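This is what each chain is made of:
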Amino acid sequence: MADKVSVWSSNRFWRRSATWVTGVASVLLILLTFDSMAQMKMGTKEDIEKKVDKRIPSPLVINYTIDYKLDRYRGHEIPIIGGAMPRPQGGIKSAYKQKEKFFGRDDYTEQEARTLIHRGKLTIQAKNCMDCHTLLGNGAYYAPDLTKAWLDPTWETLAPAFGGKEYAMAAFLQNPPKMAMHERKMPNLGITKDEAKAVVAYLKFMSAIDTNGFPRNFGKIKGAVDARK
C-alpha cells in the first residue's frame with residue numbers, strides 16, 4: 001500500500017491555494033483602487049454648501065479659516081474649515097461658516113481659486129522645492145515639512161507686521177535670506193510676487209487636506225496648533 005502523501009507536500013494543493021490567494025488579492029486591490037479614487041476626488045462648491053467633508057476639499061477653502069484640531073472620535077487632529085461643529089456620531093467636523101480675507105478677498109470663485117492653487121503647484125515644481133522640503137510625505141527632509149505650513153504659528157507672529165500671515169509668507173518667499181528663520185537658510189529662488197501669492201494659496205489649500213493626522217504629532221509640538229501637554 002502506497003504511503004499517504006501529506007497535503008502540505010502536494011503540488012496540486014499549493015497550485016490551487018496560489019490561485020485562490022491571487023484571485024482574492026486581485027479583487028481586494030480592485031476594490032481598494034476604486035475606494036482610493038473616490039477619496040482622492042476633489043470636493044466641490046456644493047459639498048461646502050452642504051457641509052460635506054471631503055478628504056481633498058474644494059479650492060474654495062482658501063476663502064475660509066483653516067484650523068487643525070483634535071477630533072476625539074477619530075483620535076487625531078483634522079483640518080477644521082470655517083469653524084467647528086459637532087459631528088453626529090461624536091467629535092467635531094468643519095462648519096464652513098467663518099470666512100477670512102486672503103490677499104484682501106474672501107469671495108474667490110471656484111475657478112479662480114483652482115487656477116491660483118494650480119499655479120502655486122506648478123511654481124513649487126518649477127523651483128524644485130521638494131529637493132529640500134516634504135509635501136504629503138514626498139520629498140526631502142533638509143528643510144521643514146510643508147504639508148501644514150499654513151498652520152505654522154510663526155506666520156501668526158509675523159502677521160501684524162505685514163497685514164496678514166499670507167502677506168508675511170509671500171514676503172518670505174520673495175526674499176528668504178532677508179527673513180531667515182533657521183540655520184539652514186533658504187536661497188532666493190527668484191519667486192515673483194504673483195508666484196508667491198499662488199504658492200501661499202497652494203499651501204493654504206494643502207493644510208485643508210485630511211491626511212489622517214499626518215504629519216504625526218503636529219498638534220503636540222510646543223507652540224503648534226492645538227498643542228497638547
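Above: the structure in question.
Because the structure is predicted, anything quoted here is derived from the model rather than measured.

Draft legend 1. Quick look at a nonpolar patch on the surface. A cluster of nonpolar side chains, contributed by Trp20, Val24, Val27, Leu28, Leu31 and Leu32, occupies part of the molecular surface with about 660 Å² of accessible area. Among the secondary structure elements, leucine 31 is positioned in helix α1 (residues 11-39). Residue classification places leucine 31 among the exposed positions, given a relative accessible area of 54%.

Draft legend 2. Quick look at helix α5 (residues 165-174). In terms of burial, α5 is a largely internal element, 7 of the 10 residues being buried. For α5, the set of buried residues is Lys165, Glu166, Ala168, Met169, Ala170, Phe172 and Leu173. Elements in contact with the buried residues of α5: α4 (153-162) and α6 (193-207).

Draft legend 3. Quick look at the nonpolar core. In this structure, Phe102, Leu173, Val200 and Leu203 are the most contacted members of the largest nonpolar core, which totals 43 residues. Mapped by element, the contributors of at least two residues to this core are β1 (66-71), α3 (110-126), α5 and α6. Per element, the largest residue contribution to this core is 9 residues, and it comes from α6. For valine 200, the residues in contact, after removing those within four places along its chain, are Phe102, Phe103, Trp150, Glu166, Met169, Ala170 and Leu173.

Draft legend 4. Structural context of the layout of surface pockets. Of the volumes computed, that of the second largest pocket is approximately 280 Å³. Lining the second largest pocket are Met42, Ile56, Pro59, Arg114, Ile117, His118, Lys121, Leu136, Tyr202, Phe205, Met206 and Ile209. Of all the secondary-structure elements, those providing two or more residues to the lining of the second largest pocket are α3 and α6. Tallying contributions element by element places α3 first for the lining of the second largest pocket, with 4 residues. Of the residues assigned to the lining of the second largest pocket, the class counts are 9 nonpolar, 1 polar and 2 charged.

Draft legend 5. Quick peek at unusual backbone geometry. Backbone geometry at lysine 51 places phi at a positive 60°, although glycine is not the residue there. In this model, asparagine 212 sits at a positive phi of 55°, which is unusual for a non-glycine residue. With respect to the element layout, asparagine 212 can be found in the segment after α6. Of the residues examined, asparagine 212 reaches a relative accessible area of 32% and is grouped as partly exposed.

Draft legend 6. Seen up close, the side chain of glutamate 166. Tracing the backbone shows glutamate 166 in helix α5. Buried charged residue glutamate 166 carries no salt bridge. Nearest counter-charge: lysine 204, at 7.0 Å. Non-local contacts of glutamate 166, meaning those with residues more than four positions away in its chain, are made with Lys101, Phe102, Phe103, Gly104, Trp150 and Val200.

Draft legend 7. Here's a closer look at the packing of aromatic side chains. Enumeration over the complete set of coordinates arrives at 6 aromatic pairs. Site record: aromatic cluster; members linked through ring pairs are Phe102, Phe103, Tyr108, Trp150 and Tyr167. Of note, arginine 105 hangs over the ring of tyrosine 108, and the distance from its end group to the ring centre comes to 4.3 Å. Sitting over the ring of tyrosine 142, arginine 184 keeps its end group 4.6 Å from the ring centre.

Draft legend 8. Representation of the packing of α5 against α6. Interhelical geometry of α5 versus α6 gives an angle of 125° and a closest axis separation of 9 Å. Classified by the angle their axes make, α5 and α6 are oblique. α6 is crossed by α5, and the crossing has right-handed handedness. Across the interface between the two elements, Glu166, Met169, Ala170, Leu173 and Gln174 from α5 touch Lys193, Ala196, Val199, Val200 and Leu203 from α6. Considered class by class, the residues forming the contact of α5 with α6 number 7 nonpolar, 1 polar and 2 charged.

Draft legend 9. Up close: the pattern of salt bridges. Applying the stated criterion to the full structure yields 10 salt bridges. Measuring nitrogen to oxygen at the nearest pair gives 3.5 Å for the salt bridge that ties lysine 69 to aspartate 67. The class of aspartate 67 is partly exposed, set by a relative accessible area of 26%. The closest approach of N and O atoms between arginine 105 and aspartate 107, which form a salt bridge, is 2.9 Å.

Calculation criteria
Residues numbered from 1 in each chain as written. Predicted model: local features only at pLDDT ≥ 70, side-chain atom pairs only at ≥ 80, totals over all residues. Heavy atoms only, no water. Patch = residues over 30% accessible without salt bridge, like charges linked within 9 Å, V, L, I, M, F, W, Y side chains within 5 Å. Areas by Shrake-Rupley, 256 points an atom, 1.4 Å probe, with all protein chains shown as cover. Salt bridge = Lys/Arg side-chain N within 4 Å of Asp/Glu carboxyl O. Helix = DSSP H or I, 4+ residues; strand = E, 2+ residues; numbered from the N terminus. Buried < 20%, exposed > 50% of the residue type's maximum accessible area, 1.4 Å probe, protein only. Contact = heavy atoms within 4.5 Å. Core = buried A, V, L, I, M, F, W, Y, C linked by side-chain atoms within 4.5 Å. 1 Å grid on protein atoms, 1.4 Å probe; cavity = no way out; pocket = protein on both sides within 12 Å on 5 of 7 lines; lining within 4 Å. Points joined across faces, edges and corners; volume = space filled by probe spheres on them. Nonpolar A, V, L, I, M, F, W, Y, C, P; charged D, E, K, R; others polar. Lys, Arg positive; Asp, Glu negative; His and termini not counted. Phe/Tyr/Trp six-rings, centres within 6.5 Å; stacked < 30°, edge-to-face > 60°. Lys NZ or Arg CZ within 6 Å of the ring centre and 35° of its normal. Axes fitted to C-alpha atoms, helices over the stretch in contact; angles between N-to-C directions. Parallel < 35°, antiparallel > 145°, perpendicular 65-115°, else oblique. Left-handed = near helix turned anticlockwise from the far one by under 90°.

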